[in-house]
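# Summary of the model geometry
Listed below are the residues making up each chain.
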Amino acid sequence: MNDWKIDSWRRRRAAQQAEYADPRALEAAIERIRSYPPLVSAGEVERLRGELREAGAGRRFLLQGGDCAETLNDCTPDRIASKLKILLQMSLVLVYGTNRPVVRVGRMAGQYAKPRSNAVERVGDEEIATYRGDLVNSFAPSARGRAPDPARLLSAYQHSALTLNFIRALIDGGFADLHHPEYWDMRDFRGSPIAAEYQAVVQAISDSVEFVESLGEATGEPLQRIAFYTSHEGLLLPYEEAQTRTVPRRSGYYNLGAHMLWIGERTREVNGAHVEYFRGIRNPVGVKIGPTCRPEEAVEIAVRLNPERDAGRLVLITRMGADRVDVALPPIVEAVSQAEIPVVWCCDPMHGNVVRTRSGRKTRSFDAILHELESVLQVHEEQGTILGGVHLELTGERVTECLGGASGLTEEDLGENYATYCDPRLNYSQSLEIAFLLARRLNPSGRCAGPNGGIAGGEKLRR
Ligand code: PEP
Ligand code: CO
């Protein structure tokens, strides 16, 4: 890798970094993390690369999802299990409906750093630094709470390890409850016209899982060898550098703090520090592409990050906003295709669709999210490219943060359980519904098929 070094990013402009008052304390924390065992293995990272190669070609489908901002307090058995549960249930729906294996990647076990549009915010008469995620500072709105604290780096690393350890244990143990229909919470679908249809799909999936499990018992094969990968935004570069290692018998550098990392919309400058750091590691890398990204810029980023043109290396995660997809996405897809750089096209229908309610709360509407998904699918169909995956912000809890969905969540309902530290997330039933609708749209004649195929505007889908 010509002239790349583990710290060559330090000579570039690094956006969205924390300013630590005591650089020696930062260095000590980083040194400690360097000495800890890694969270994932290089073999797992390579396996994910292989699976993403297939997602790019349409033989698998990437489901990436989780919190906008994970918090250290979220590191409880219930919260981890419920997030894993919704992701696994969504993946079962997608596998069942599309006949394609799903690549499951959580925004979990390390999603602790947040880029911010504003560096400061007003609280009463005071102007204080904004919250940058539990990796950096405290959510508590005081000048003291918002000062970056190096001790958080160690704590975040340890909480990532605790989270991942529990995820691995649950999966190894079979997460057997998945085949009980009563473990699928269908309460919020009651009264909706599609409730019976969803229930029938859940019953069919439960029967299939049970059947496959009994086969596993009969043959003595461990059944639940489900692969589950972790990911987070690689934002705070000293922290990411500390997790970057070489391993015996493999060439190149791996970031062993997560299987996959992504570069955010605010830090994807071609000549910036983030692109510089990421070009040197073996992990699959995602890049968020918003509506202001010029097609030439997308090509430059793709060339820089994937010079070897490996199909499993780069995931372009487009997040245009439902109304801008038609104008902004086609030239980007066209330019990247013409440059013949293989990428996995992934749709993030969340980050271009944030709106504020009259009372100032951030929210997103379920219909705008579906609308973006539908428009992106249409663009790829027209361009002859493949949508290889989706990137969602979701939680397994019954939160009230996004509007709409089968339970018809309204602006008035948002106050009931609005719990996010950052962006609004799909709740349990909204997430499951997206999976049903997406499965149906990806395979209109498949086992989730409904009376009609489109997912535009939400309405068409639900009839
Ligand atoms: C995010 O994924 O939480 C995020 C901040 O996204 P983006 O970089 O696309 O704005
Ligand atoms: Co977000």
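Presented here is an overview of the structure given in this document.

### Side note on the site of ligand 1
Taken together, C68, R107, K114, P115, G264, E265, R266, K288, R319, H351 and E393 make up the full set of residues near ligand 1. Between ligand 1 and the protein, one listed contact pairs an oxygen atom with a side-chain N or O atom of R319 at 2.7 Å. Residue E393 places a side-chain N or O atom 3.0 Å away from an oxygen atom belonging to ligand 1. In the complex, 98% of the free accessible area of ligand 1, which totals 290 Å², lies under the protein chains.

### Considering the environment of T357
Counting through the fold element by element, T357 comes out in the loop between strand 12 (355-356) and strand 13 (362-363). We classify T357 as buried; its relative accessible area is 9%. For the pair T357 and V102, spaced 255 residues apart in the sequence, the C-alpha separation amounts to 35 Å. When sequence neighbours within four positions are dropped, the list of residues in contact with T357 reads T363, E411 and L414.

### A look at the layout of surface pockets
Considered as a void within the structure, the largest pocket measures approximately 710 Å³ in volume. Lining the largest pocket are 30 residues, with R116, R356, K362, C422 and D423 positioned closest to its centre. For the lining of the largest pocket, the class distribution of residues is nine nonpolar, seven polar and 14 charged.

### Some thoughts on the packing of helix 10 (residues 366-383) against helix 11 (residues 428-442)
Relative to each other, helix 10 and helix 11 sit at 25°, their axes nearing to 12 Å. Taken together, helix 10 and helix 11 sit at an angle that is classed as roughly parallel. Considering how the two elements wind past one another, helix 10 and helix 11 form a crossing that is right-handed. Listed contacts from helix 11 to F366, I369, L370, L373, E374, L377, Q378 and E381 of helix 10 are Q430, E433, I434, L437, L438, R441 and L442. Along the lines of polarity and charge, the residues of the contact of helix 10 with helix 11 split into nine nonpolar, two polar and four charged.

### Some remarks on the pattern of salt bridges
Taken as a whole and assessed by the stated rule, the structure comprises 33 salt bridges. The salt bridge involving D310 is made with R53; its shortest N-O contact spans 3.0 Å. Within this pair, whereas D310 is found in the loop between helix 8 (295-305) and strand 10 (314-318), its partner R53 is found in helix 2 (residues 42-56), the two being separated by 257 residues in sequence. Residue D310 is classed as buried on the basis of its relative accessible area, which comes to 15%. One network of salt bridges, in which partners are shared, links R107, K362, R364, E393 and D423.

### So, the pairing of strand 10
Strand 10 sits mainly inside the fold: five of its five residues count as buried. Side chains L314, L316 and T318 of strand 10 all project onto a buried face; the interleaved residues V315 and I317 project onto the opposite face, where all are buried too. Pairing between strand 9 (residues 285-289) and strand 10: five bridges, direction parallel. Its bridge partner being in strand 10, G286 is matched across the sheet by V315. Where the polypeptide runs from strand 9 across helix 8 and back to strand 10, its parallel neighbour, the crossover connection is right-handed. Both strand 10 and strand 11 (residues 344-347) contribute to a ladder of four bridges, which runs parallel. In the strand pairing of strand 11, V315 is matched with V344. The parallel pair strand 10 and strand 11, bridged by helix 9 (residues 325-338), forms a crossover whose chirality is right-handed.

Reading the values: the criteria
- Residues numbered from 1 in each chain as written.
- Chains lettered and ligands numbered in written order.
- Predicted model: local features only at pLDDT ≥ 70, side-chain atom pairs only at ≥ 80, totals over all residues.
- Heavy atoms only, no water.
- Near = heavy atom within 4 Å.
- Polar contact = N/O pair within 3.5 Å; in protein donor to acceptor, adjacent residues only side chain to side chain.
- Areas by Shrake-Rupley, 256 points an atom, 1.4 Å probe, with all protein chains shown as cover.
- Helix = DSSP H or I, 4+ residues; strand = E, 2+ residues; numbered from the N terminus.
- Buried < 20%, exposed > 50% of the residue type's maximum accessible area, 1.4 Å probe, protein only.
- Contact = heavy atoms within 4.5 Å.
- 1 Å grid on protein atoms, 1.4 Å probe; cavity = no way out; pocket = protein on both sides within 12 Å on 5 of 7 lines; lining within 4 Å.
- Points joined across faces, edges and corners; volume = space filled by probe spheres on them.
- Nonpolar A, V, L, I, M, F, W, Y, C, P; charged D, E, K, R; others polar.
- Axes fitted to C-alpha atoms, helices over the stretch in contact; angles between N-to-C directions.
- Parallel < 35°, antiparallel > 145°, perpendicular 65-115°, else oblique.
- Left-handed = near helix turned anticlockwise from the far one by under 90°.
- Salt bridge = Lys/Arg side-chain N within 4 Å of Asp/Glu carboxyl O.
- Pairing = 2+ DSSP bridges.
- Right-handed = clockwise from strand over helix to strand, strands pointing away.

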